[in-house]
Amino acid sequence: MTQLQENPNLTSTPPAKMELPSEPWWRFFTFSTDHKVIGIQYLVTTFFFYLVGGALATAVRAELATPEADFLGFERYNGAFTVHATIMIFLWIVPALVGGFGNYLVPLMIGARDMAFPKLNAVAFWMIPPTGILLLVSLLVEAPAAGWTSYPPLSLISGKVGEELWILSILLGGTSSILAAVNFFVTILKMRMPGMKLEDMPLFCWAMLATSVLTLIATPVLAGALILLSFDLLAGTAFFNPSGGGDPVVYQHMFWFYSHPAVYIMILPVFGMISEILPVHARKPIFAYKAIAYSSLAICFLGLIVWAHHMFTSGTPDWMRVFFMIATMAIAVPTGIKVFSWLATLWGGKIRFTSAMLFGMGFVSMFVIGGLSGIILASVPLDIHVHDTYFVVAHLHYVLFGGSVFGIYAGLYHWFPKMTGRMLNEFWGRVHFLLTFVGFNMCFLPMHKLGLMGMPRRVAQYDPQFADLNWISSVGAFILAISTLPFLFNAIYSWVAGRKAGDNPWEALSLEWMTTSPPPHQNFYGEPILLTGPYDYGTHSKETLDYFAAQLQTLRELALMETEAPHS
């Protein structure tokens, strides 16, 4: 791995300016095979679906603001929460993290020119728009109303047309995920720059490697379950239909074999991103690099053997309950290693409270709350007590919104300058964080109490004794919806007319910051070069880093001149 060497006798020289040819904006609307274009295509497309899913969630909370079903009514309420959950998982969190950040960052971080299979990469992205269209059409035709789990026999008797469109949508999105996972797996293992060993990789790449393995093993099982469910729905077979002798519990096993690992598919990339963001803004080396890297693999393995803890009330044998309870609790060990390592990284650091750092620290605190309630749900007696109540809704949102979405925002604020060459406005970033943090906790914290009091989830009408807490929760949801506006305004304005970022506005040390912002088509001018180790914060003087940066700029200019020479 090429790395500049420190010389204490060197003096810094001011970096020269280098004008790079700008790339046309319309490339974002084409079948581009550039991983950076595809990454941004994923992020923009999935953010649109996030807005749609958020609007549905706001409608659901508007319905629940009062005990009576007086806003959406029963059928529209069932369709709204079903499509809301499906969009947030399959069209927002998974594709934004894996397809968006994964595509943009992995080749840059390992010094590759592109992904291993660029055309396959483009095909995987262009499956996302039809996935969303099918799902939204189902709302208009005959909304699926069985929840995002689509358990039979309920899914076989409610809204057949909408249900089939829902199945086709998930199959298409799942195929996209598998194609992307193949690409990441091969790219990370085979396309690292010369000399970069696995243990030299940034931690985000370790997280993406574990995520790819989970996707490749678990997603085909969900596809099989949905194909069989489709036969039951359309052809009258009885794989899962109890009226014909089928077993709906088999569907639950197949569904959760994918859907519990899907939680880690949605959180492992965030773990990797947080491991990159905290050291940069705390100006400290990451604490326990190897422990964080290998804990991703441990979570990957354990995530595949805990699916039945979602089925403690489905007639699961006692011995199986105990096994899955212990296996689920064991995941707290590698997860705790990550959390304590992040806290140790922050401890004593020179923390910059940027928007990226605020969302990063918000992620750690919210995810810990979600993790603690997850340990409660792993326990058989406690899980049976709160099963299918709002306690479960609170838990999953602290993991998937407080975890994944806070992490996505942290990543957007951190890497927006690299993607666009422009800085996001920090004032509006802090306003965005404050509204999101307050709205999120107002919305979901009361749900723990609602669940413990016995309020069931997925109901449009409820006992008036739950009215006060539901009203607070709905007000929080409206604040959460409003919190998106400052970010939208900030992102659009900054992309067009924001302050220019320069190549490395955060003074970061990992490889993606060693090229221009935005990077050129082939990512690097000349061979990629690391100034220092990617987490060597505080180990070199500012003069040395300035000298390295000036030398890197000179090397880039020479490489650019060599590139342009044959055309002159």
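So, how was this worked out
- Residues numbered from 1 in each chain as written.
- Predicted model: local features only at pLDDT ≥ 70, side-chain atom pairs only at ≥ 80, totals over all residues.
- Heavy atoms only, no water.
- UniProt positions renumbered as here; feature names shortened; annotations may be inferred.
- Helix = DSSP H or I, 4+ residues; strand = E, 2+ residues; numbered from the N terminus.
- Rg over C-alpha atoms; globule rule 2.2 N^0.38 Å.
- Buried < 20%, exposed > 50% of the residue type's maximum accessible area, 1.4 Å probe, protein only.
- Contact = heavy atoms within 4.5 Å.
- Areas by Shrake-Rupley, 256 points an atom, 1.4 Å probe, with all protein chains shown as cover.
- Lys, Arg positive; Asp, Glu negative; His and termini not counted.
- Charge placed at Lys NZ, Arg CZ, Asp CG, Glu CD.
- Axes fitted to C-alpha atoms, helices over the stretch in contact; angles between N-to-C directions.
- Left-handed = near helix turned anticlockwise from the far one by under 90°.
- Nonpolar A, V, L, I, M, F, W, Y, C, P; charged D, E, K, R; others polar.
- pLDDT = per-residue confidence, 0-100.
- Salt bridge = Lys/Arg side-chain N within 4 Å of Asp/Glu carboxyl O.
- Expected span 1.5 Å × (residues − 1).
- Bend = angle between axes of the 7 residues up to and from the residue.
- Phe/Tyr/Trp six-rings, centres within 6.5 Å; stacked < 30°, edge-to-face > 60°.

- Per an unreviewed UniProt entry, the protein carries the name Cytochrome c oxidase subunit 1 and comes from Thermostichus vulcanus str. 'Rupite'.
- The protein has a UniProt comment under Pathway (unreviewed entry) that states "Energy metabolism; oxidative phosphorylation."
- Looking at the Catalytic activity (unreviewed entry) heading of the UniProt record, one finds this comment for the protein: "4 Fe(II)-[cytochrome c] + O2 + 8 H(+)(in) = 4 Fe(III)-[cytochrome c] + 2 H2O + 4 H(+)(out)".

## So, the overall build of the protein
(1) Moving on: Along its length, the protein carries 17 helices and zero strands.
(2) Moving on: Relative to a compact globule of 568 residues, whose C-alpha radius of gyration would be 24 Å, the protein shows 24 Å and is just as compact.
(3) Moving on: Seen through its C-alpha atoms, the protein measures out along the principal axes to roughly 80 × 45 × 45 Å.
(4) Moving on: Looking at the protein residue by residue over its 568 residues, the buried ones come to 57%.
(5) Moving on: In the protein, of all internal contacts separated by at least 6 residues, the share reaching a separation of at least 24 is 82%.
(6) Moving on: Total accessible area on the protein stands at roughly 22500 Å², and carbon and sulfur atoms take up 69% of it.
(7) Moving on: A distance of 6 Å separates the average location of the 28 positive side-chain charges in the protein from that of its 33 negative side-chain charges.

## Describing the packing of helix α1 (residues 35-63) against helix α14 (residues 390-420)
(1) Moving on: Contact geometry of α1 with α14 gives a least axis separation of 13 Å together with a crossing angle of 145°. As for the relative orientation of α1 and α14, their crossing is left-handed in sense. For the pair α1 and α14, contact is made by Ile40, Leu43, Phe47, Tyr50 and Arg61 and by Tyr390, Phe401, Val405, Tyr409, Leu412 and Met419, respectively.
(2) Moving on: Tallied by class, residues from the contact of α1 with α14 come to 10 nonpolar, no polar and one charged.

## Re the confidence of the model for the protein
(1) Moving on: Taken over all residues, the pLDDT of the protein has a mean of 92, while the share at 70 or more is 95%.
(2) Moving on: Note on residues 8-16: pLDDT under 50 across the span, and 10 contacts to partners over four residues away in sequence or across chains.

## A word on the pattern of salt bridges
(1) Moving on: Applying the stated criterion across every chain, the model contains six salt bridges.
(2) Moving on: Of the charged contacts, one joins Glu507 and Arg352 as a salt bridge, the two residues approaching to 2.7 Å between their closest N and O atoms. With a gap of 155 residues between them, Glu507 in the loop between α16 (467-497) and α17 (542-564) and Arg352 in the loop between α11 (332-346) and α12 (355-378) connect regions that are remote in the sequence.
(3) Moving on: Among the residues examined, Arg352 registers a relative accessible area of 26% and is labelled partly exposed.

## Quick look at helix α2 (residues 74-110)
(1) Moving on: Counted at 1.5 Å a residue, the expected span for α2 with its 37 residues is 54 Å, and the 51 Å between its end C-alpha atoms agrees.
(2) Moving on: Most pronounced at Pro95, the bend in α2 amounts to some 50°.
(3) Moving on: With 33 of its 37 residues buried, α2 lies for the most part within the structure.
(4) Moving on: Positive backbone phi, approximately 75°, marks Gly111, located one or two places after α2.

## Brief notes about the packing of aromatic side chains
(1) Moving on: Under the criterion given, the structure shown has 45 aromatic pairs.
(2) Moving on: Where Tyr151 meets Phe255, the ring centres are 6.4 Å apart and the plane angle is 85°; that geometry is what we call edge-to-face. Here Tyr151 is found in the loop between α4 (128-142) and α5 (154-157), whereas its partner Phe255 is found in helix α8 (residues 248-282), with 104 residues between them in sequence.
(3) Moving on: Arranged with centres 5.2 Å apart and planes meeting at 40°, the rings of Phe359 and Tyr409 form a pair that is tilted. Residue Phe359 is located in helix α12, and its partner Tyr409 is located in helix α14; the two are separated by 50 residues in the primary sequence. Note on accessibility: Phe359 and Tyr409 belong to one class, buried.

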